[in-house]
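Commentary on secondary and tertiary structure
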Amino acid sequence: MNYCPNCGGEVKDKSKYCILCGYDLVKTEIDNSKDERIKELEEKIARLEKTKANPSSQDGTQTNSWMFIMPIFIVAFFFLFIFMIVFITR
Ligand SMILES: [Zn+2]
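Because the structure is a prediction, the values reported are computed rather than measured.

In this section: the overall build of the chain. The helix and strand inventory of the chain stands at 1 helix and 2 strands. Along the chain direction, N to C, the helices and strands of the chain fall in the order β-β-α. Residues classed as buried in the chain amount to 3% of the 90 residues present. Restricting the contact set of the chain to residue pairs at least 6 apart, pairs at least 24 apart contribute 0%.

In structure tokens, the structure reads:
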């Protein structure tokens, strides 16, 4: 059972016009197909926005990897500092 988009009344699936208000349901089917196309486009746009959003998340992973690398750099500079002190004191 379909529902009339104009008056909201129940309409038989194969009926071309709404019994209650005479609304042209064939046109609305075309409109629905247009809506589906629009929905498909909106989904594509949403996917593109997700792919656009991905670089920011990649930046997040980069900052995470940087947060992971940073202590190693600190330790490396610490050992370099110790090596420099040992080298100078000799
Ligand atoms: Zn109707």
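This next bit is on the confidence of the model for the chain. Overall, the prediction assigns the chain a mean pLDDT of 83, with 86% of residues at 70 or greater. When pLDDT is averaged over each element of the chain, strand 2 (residues 10–11) comes out on top at 90 and helix 1 (residues 25–89) at the bottom at 82.

Rules behind the numbers
Residues numbered from 1 in each chain as written. Predicted model: local features only at pLDDT ≥ 70, side-chain atom pairs only at ≥ 80, totals over all residues. Helix = DSSP H or I, 4+ residues; strand = E, 2+ residues; numbered from the N terminus. Buried ≥ 20, exposed ≤ 12 C-beta atoms within 10 Å, placed from the backbone. Contact = placed C-beta atoms within 7 Å. pLDDT = per-residue confidence, 0-100.

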